[in-house]
Amino acid sequence: MGLKDKLTELKRNALEEINDAKDLKKINDIRVNLLGKKGPITEVLRGMRDLPKEERPNVGSFANKVRDELSNAIFERKERIEIIKTSKRLEEEKLDVTLPGVPVKIGQPHIIMQVIDQIEKLFLGMGYQVVDGPEVEEDHYNFEMMNLPKDHPARDMQDTFYITDKFLMRTQTSPVQARTMEKHDFSKGPLKMISPGKVYRRDTDDATHSHQFHQIEGLVIDKSITMADLKGTLQLIARTVFGKEREIRLRPSYFPFTEPSVEVDVSCFKCGGDGCSVCKQTGWIEVLGAGMVHPNVLKMSGIDADIYGGFAFGLGPDRFAMLKYGVDDIREFYLNDMRFLKQFSQRG
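Rules of the game
- Sequence order as written defines residue numbering, which begins from 1 separately in each chain.
- Local features are withheld for residues below a pLDDT of 70 in this predicted model, meaning they are given only at 70 or higher, and side-chain atom pairs are given and counted only at 80 or more; totals for whole chains, interfaces and linings count all residues.
- Computation of side-chain values: all heavy atoms of the structure, hydrogens and water removed.
- Segments assigned H or I by DSSP are reported as helices when at least four residues long, segments assigned E as strands when at least two residues long, and all are numbered from the N terminus.
- Residue exposure (1.4 Å probe, protein chains only): buried if accessible area is under 20% of the type maximum, exposed if over 50%, otherwise partly exposed.
- Two residues form a contact once any of their heavy atoms are found within 4.5 Å.
- By definition, no residue in a patch forms a salt bridge, and every one has over 30% relative accessible area; like charges are joined within 9 Å, nonpolar side chains (Val, Leu, Ile, Met, Phe, Trp, Tyr) within 5 Å.
- To be clear on the numbers: accessible area is Shrake-Rupley with a 1.4 Å probe, and residue cover counts the displayed protein chains and nothing else.
- Salt-bridge detection follows one rule: a side-chain nitrogen of Lys or Arg within 4 Å of a carboxyl oxygen of Asp or Glu.
- When DSSP finds at least two bridges between two strands, those strands are taken to pair.
- Axes here refer to lines fitted to C-alpha atoms; in helices the fit is confined to the stretch in contact. Angles between the N-to-C directions go from 0 to 180 degrees.
- Put simply, two rings from Phe, Tyr or Trp (the six-membered ring, in Trp's case) pair if the centres are within 6.5 Å, and we call them stacked under 30 degrees between planes, edge-to-face over 60, tilted for the rest.
- By definition, being over a ring means that NZ of Lys or CZ of Arg is both within 6 Å of the ring centre and within 35 degrees of the ring normal.
- As defined here, a cavity is a set of points on a 1 Å grid over the protein atoms alone where a 1.4 Å probe fits but cannot get out. A pocket is an open set with protein on both sides within 12 Å along at least five of seven lines, and residues line them when an atom is within 4 Å of a point.
- Grid points are joined across faces, edges and corners, and a volume is the space filled by probe spheres set on the points.

Colleague: Whenever I open this one, the side chain of H214 confuses me. Can you help?
Modeller: Its location among the elements puts H214 in strand β5 (residues 212-222). Taking relative accessible area as the criterion, H214 reaches 13% and is therefore assigned buried. When neighbours within four sequence positions are excluded, H214 is seen to be in contact with I112, I116, G197, K198, L315, G316, P317, D318 and Y334.

Colleague: Please clarify how a nonpolar patch on the surface should be interpreted in this entry.
Modeller: Together, V136, I163 and F167 give the surface a local cluster of nonpolar side chains, amounting to about 250 Å² of exposed area. Along the chain, I163 turns up in the loop between α6 (139-142) and β3 (167-169).

Colleague: In this structure, what is going on with the pairing of strand β6 (residues 248-255)? I would like to understand it.
Modeller: The side chains of a regular strand alternate, residue by residue, between the two faces of the sheet. Note that β6 and strand β7 (residues 258-267) share seven bridges and pair antiparallel. Note that in β7 the partner of R251 across the bridge is E263. As consecutive antiparallel partners, β6 and β7 are separated by two residues.

Colleague: Whenever I open this one, the sheet that holds strand β1 (residues 129-130) confuses me. Can you help?
Modeller: Two orientations exist for strands paired in a sheet by backbone hydrogen bonds: parallel and antiparallel. One open sheet holds the seven strands; their spatial order is β1-β4-β5-β9-β8-β7-β6, and the pairing between them is mixed. Looking at which strands have only one partner, the edges of the open sheet turn out to be β1 and β6. Against the sheet, helix α10 (residues 317-325) makes contact with β5, β8 (284-293) and β9 (309-315), and its axis sits at roughly 150° relative to β8, the strand it touches most.

Colleague: Sorry, what's going on with the packing of aromatic side chains here?
Modeller: Working definition: an aromatic ring pair is given by the centre-to-centre distance plus the angle between the planes. In the structure shown here, the tally under the stated rule is nine aromatic pairs. Measuring from centroid to centroid gives 4.9 Å for F242 and F269, while their planes differ by 5°, and the two rings are stacked. Here the residue F242 occupies a position in helix α8 (residues 227-242), and F269 occupies one in the loop between β7 and β8, the gap between them amounting to 27 residues. Look at F242 and you get buried, because its relative accessible area is 9%. Given the relative accessible area of 22%, F269 is considered partly exposed. One aromatic cluster in this structure is built from Y325, F333, F340 and F344. Above the face of the Y141 ring, R179 is positioned so that its terminal group lies 4.1 Å from the ring centre.

Colleague: I keep staring at the layout of surface pockets and nothing clicks. Help me out?
Modeller: One simple way to see leftover space: roll a probe sized like a water molecule over the atoms. Roughly 300 Å³ of volume is contained in the second largest pocket. Broken down by secondary-structure element, the contributors of at least two residues to the lining of the second largest pocket are α5 (111-125) and α11 (338-341).

Colleague: Please clarify how the pattern of salt bridges should be interpreted in this entry.
Modeller: Summed over the entire model, instances satisfying the criterion amount to 15 salt bridges. Here R251 and D265 are joined by a salt bridge, their closest N and O atoms 2.6 Å apart. With R251 in strand β6 and D265 in strand β7, the pair connects residues that are 14 residues apart, well separated along the chain. With relative accessibility at 27%, the residue R251 sits in the partly exposed group.

Colleague: What is the right way to read unusual backbone geometry from this model?
Modeller: One can expect most non-glycine residues to show negative phi and most peptide bonds to be in trans. In this structure, P260 follows E259 across a cis peptide bond, with omega equal to 0°. By the element assignment, P260 lies in strand β7. Residue Q281 is not a glycine yet carries a positive backbone phi of 65°. With respect to the secondary-structure elements, Q281 resides in the loop between β7 and β8. According to the relative accessible area criterion, Q281 is exposed, its value standing at 58%.

Just distances and angles here, no functional claims.
Right, dumping it as structure tokens:
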């Protein structure tokens, strides 16, 4: 039998084997065994050395043609196997789109975060910056830079979770203001900022107190800042959170880091100021503390108190949420009871 006859018979047998292949592993084995360096086509071609020189080109051309036909047949069979496999999988995994869908439960921000987001958006719209700071803070920034030197009696209300003599869990977000004042370049414009975050105090946990809660403090430092600027800002906060009909009043108070200092009341949003159980028949509800920045605070941050002045305020998003939604126990916010939290749908 001549080499051409051997190649023809080899092609016929190989095509039958290729067409009978049922999976990708089988077709890959055929490719390796048939077209590899030790395959039957290579073995047949080794006999070309015994042929006359004039016959070798013709036989070589025929051998290459057989190799190409088998290679194409393997490729086409492989594609066909993949199509059959995919069709079978689609048939087995088909989805009945006529069935009703399963609702996906979508979460939402915690109610306290909703209040914080609302206040942040208000101040960002007025050109303020939102500044974060460390919760593990230095006594120097937490107290001394806020005009509360060591042994100051006003510390008694806040001295709390000390880690070392130098570091403690911050009792307010005021140290963020001190750090920012130190770095601010007033040649580029006034300082307008709010500093939201968690704070820690030694309060005994009850319906209205917690050892950990949230606070947002605001600060504006510039030339010619007055109490009128402060009152207008506080009025805007009250009307944004509690309703556009709300009014505020300022009562004299004391904070070491502001002078003068005020407590801020908002007209009762339940009775409109007529008197009810929410406002204890007074028509007003206390919501936050504020005042004009104490000159000592400015001086300690390297700011000339004869040229610059400003106002500061501090509010509790937890208290705002309690007042706005009639929650009578602050601990409800932290129990992760979904029955409670689901009552407060995302606002805005």
